[in-house]
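Below, each chain spelled out in residue letters.
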Amino acid sequence: MAERMVKVDGVQLCTESLGDPAAPPVLLVMGTGASMLWWEDGFCRMLAEGGRFVIRYDHRDTGRSVTYEPGRPGYTAADLVRDAAGVLDAYEVPAAHVVGVSAGGALAQLLALGHAGRVRSLVLISTSAAVPGDRELPPPTDEFIRFVSATPLGHPDADAVVEHQVAYARVLAGGRRPFDGTAARSLVRRDMERAHDFAAARNHDSLPEGDPPQAPLSSIAVPTLVIHGTADPMFPLLHGEALAEQIPGAGLLTLRDAGHGVERADWATVVPAILRHTAVGDS
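Residue numbers restart at each chain and count upward from 1, following the sequence in its written direction. With the structure being a predicted model, the display of local features is reserved for residues of pLDDT at least 70 and the display and counting of side-chain atom pairs for 80 or more, all residues being used for whole-chain, interface and lining totals. Think of the side-chain values as coming from all heavy atoms in the structure, minus any hydrogens and water.

1. Considerations on the environment of Arg120
Stage number 1. Counting from the N terminus, the helices are DSSP H or I runs at least four residues long and the strands are E runs at least two residues long. Its place among the elements puts Arg120 in strand 6 (residues 119-125).
Stage number 2. On a C-alpha basis, the gap between Arg120 and Asn203 in space is 30 Å, while along the polypeptide they are 83 residues apart.
Stage number 3. Here the side chain of Arg120 touches Ala95 through a polar contact of 3.2 Å, landing on its backbone oxygen. In protein, a polar contact requires one atom able to donate a hydrogen and another able to accept it; more generally it is a pair of N or O atoms within 3.5 Å, and residues adjacent in sequence count only if both atoms are side-chain atoms.

Structure (structure tokens):
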């Protein structure tokens, strides 16, 4: 990976790229509160080896990007959408295939709605509709709600923070498959050691919307693939099904017993699906 700091709307964002810059570009948008490390290196290499120019980046308040005082973010969710377009500008990419996971999937939808010319296609993983719809959708699972509702630790030491994040990753995994706590712990530690201020990522929990586009999801005209685990505890499967129904022509790939996020066990399924999907219009 080639790390590069870029300036977007006057702030510094940390980015990395992999692959041939002449290949079809794929912009990876992680969920809010998560750095680009959660697009794991092996996943990115598989995409690059499949003939894609892969770009990932740290959101504001994550990793090595600009960091604000915890509790005082100087930006909105709409700024995070513009950041994605700004990263493409920095790499001189007019339009990219955009792959978003969790809240990153919502940001990808909003990018397609507000900056349609910048998006060649969408892949939306473990996410839900970014704009209101008329279908009633199920809430997160009881276990997920209990975990996120638990009283936060006051000023825990680094080891306690790591264990809390690993426990959260375990909940997100959905409980139907073996959970690799060692791998999760290693990734969390790398994330903490790399971050300017790991606590600042909590700013994403209370961001104002800003100026989101008002267009409905039915106005998205680019090829779209929705990928969703059947054991997702944050957004149960009906969220993915409803999303695929609202976007014209969208496909739906369900991952049996998968939880929330991009699990290593699913790379062999997800990466080929992304490569097929992003080949549209680039052959």
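2. Some points on the sheet that holds strand 6
Stage number 1. Pairing between two strands requires that DSSP report at least two bridges joining them. Pairing within the open sheet is mixed, and its 8 strands lie in the order 1-2-4-3-5-6-7-8. At either end of the open sheet lies a strand with only one pairing partner, and these are strand 1 (2-8) and strand 8 (251-255). This sheet shows a mean twist of 25° between the axes of neighbouring strands, independent of strand direction.
Stage number 2. With 4 bridges connecting them, strand 3 (residues 25-29) and strand 4 (residues 53-57) associate as parallel partners. Lines fitted to C-alpha atoms define the axes, with helix axes restricted to the stretch in contact, and inter-axis angles between N-to-C directions lie between 0 and 180 degrees.

3. Things to note about the pairing of strand 5 (residues 96-101)
For a regular strand, the rule is simple: side chains alternate between the two faces of the sheet.
Stage number 1. Only protein chains enter the accessibility calculation, which uses a 1.4 Å probe; a residue whose area is less than 20% of its type maximum is buried, one above 50% is exposed, and one in between is partly exposed. Strand 5 sits mainly inside the fold: 6 of its 6 residues count as buried.
Stage number 2. Across 4 bridges, strand 3 lies against strand 5 in parallel orientation. Following the sheet pairing, Val26 is matched in strand 5 by His97.
Stage number 3. Note: strand 5 against strand 6, 6 bridges, orientation parallel. Within the sheet, the bridge partner assigned to Gly100 lies in strand 6 and is Leu124.
Stage number 4. Look down the strands so they point away from you; if the path from the first strand over the helix to the second goes clockwise, the crossover is right-handed. The handedness of the strand 5 to strand 6 crossover, carried by helix 3 (residues 103-114), is right-handed.

4. Quick notes on the pairing of strand 6
Stage number 1. Burial analysis of strand 6 places 6 of its 7 residues in the buried class, the great majority of the element.
Stage number 2. Two strands pair when backbone bridges link them, and strand 6 and strand 7 (residues 224-229) are joined in this way by 4 bridges, in the parallel orientation. Counterpart to Leu122 in the pairing with strand 7 is Thr224.

5. Remarks on the packing of aromatic side chains
Stage number 1. Put simply, two rings from Phe, Tyr or Trp (the six-membered ring, in Trp's case) pair if the centres are within 6.5 Å, and we call them stacked under 30 degrees between planes, edge-to-face over 60, tilted for the rest. For the structure shown, the criterion picks out 6 aromatic pairs.
Stage number 2. Their ring planes at 25° and their centres at 5.7 Å tell us that Trp39 and Phe43 sit as a pair that is stacked.
Stage number 3. Residue class for Trp39 comes out buried when judged on its relative accessible area of 1%.
Stage number 4. Among the aromatic residues, ring-to-ring pairing joins Trp39, Phe43 and Trp267 into one connected group.
Stage number 5. By the criterion adopted, a ring carries a charge over it if an Arg CZ or a Lys NZ lies within 6 Å of its centre and within 35 degrees of its normal. Positioned over the ring face of Tyr91 is Arg4, at 4.6 Å from the centre of the ring.

6. Quick word on helix 2 (residues 77-90)
Stage number 1. Taking 1.5 Å per residue as the helical rise, helix 2 with its 14 residues ought to reach 20 Å, and the 20 Å between its terminal C-alpha atoms agrees with that figure.
Stage number 2. For helix 2, a buried count of 11 out of 14 residues is recorded, marking the element as mostly surrounded by other parts of the structure.
Stage number 3. Those residues of helix 2 that are buried are in contact with strand 1, strand 2 (11-18), strand 3, strand 4, strand 5 and helix 3.
Stage number 4. Measuring from the backbone nitrogen of Ala78 back to the side-chain oxygen at the start of helix 2 gives 3.2 Å, which picks out Thr76 as the cap.
Stage number 5. In the segment just after helix 2, Glu92 is the residue with positive phi, at about 55°. Expected helix span is taken as 1.5 Å per residue step, with the number of steps being one fewer than the number of residues. Here a residue-residue contact requires only that any non-hydrogen atoms of the pair lie within 4.5 Å.

7. Some details on the pattern of salt bridges
Stage number 1. In the sections that follow, a salt bridge refers to a side-chain nitrogen of Lys or Arg positioned within 4 Å of a carboxyl oxygen of Asp or Glu. Taken as a whole, this structure holds 17 salt bridges when the rule is applied.
Stage number 2. The salt bridge partner of Arg64 is Glu3, with a shortest N-O separation of 2.7 Å. Pair noted here: Arg64 is in the loop between strand 4 and helix 2 and Glu3 is in strand 1, with a separation of 61 residues, a long-range link.
Stage number 3. Here Arg56 makes a salt bridge to Asp41, at a shortest N to O gap of 2.9 Å. Here Arg56, found in strand 4, pairs with Asp41, found in helix 1 (residues 41-49); they are 15 residues apart in sequence, far enough to count as distant.
Stage number 4. The network of salt bridges with common partners includes Glu16, Asp41 and Arg56.

8. Looking at the nonpolar core
Stage number 1. With 42 residues, the main nonpolar core has Leu27, Leu122 and Ile220 as its most contacted residues.
Stage number 2. Tallying contributions element by element places helix 2 first for this core, with 7 residues.
Stage number 3. The contacts of Ile220, once residues within four sequence positions are left out, are Gln109, Ala112, Leu113, Leu122, Ile247 and Pro248.
Stage number 4. Of all hydrophobic cores here, the second largest spans 25 residues; its members include Val26, Leu47, Leu225 and Ala273. What we call a nonpolar core is a set of buried Ala, Val, Leu, Ile, Met, Phe, Trp, Tyr and Cys residues that are connected through their side-chain atoms within 4.5 Å.

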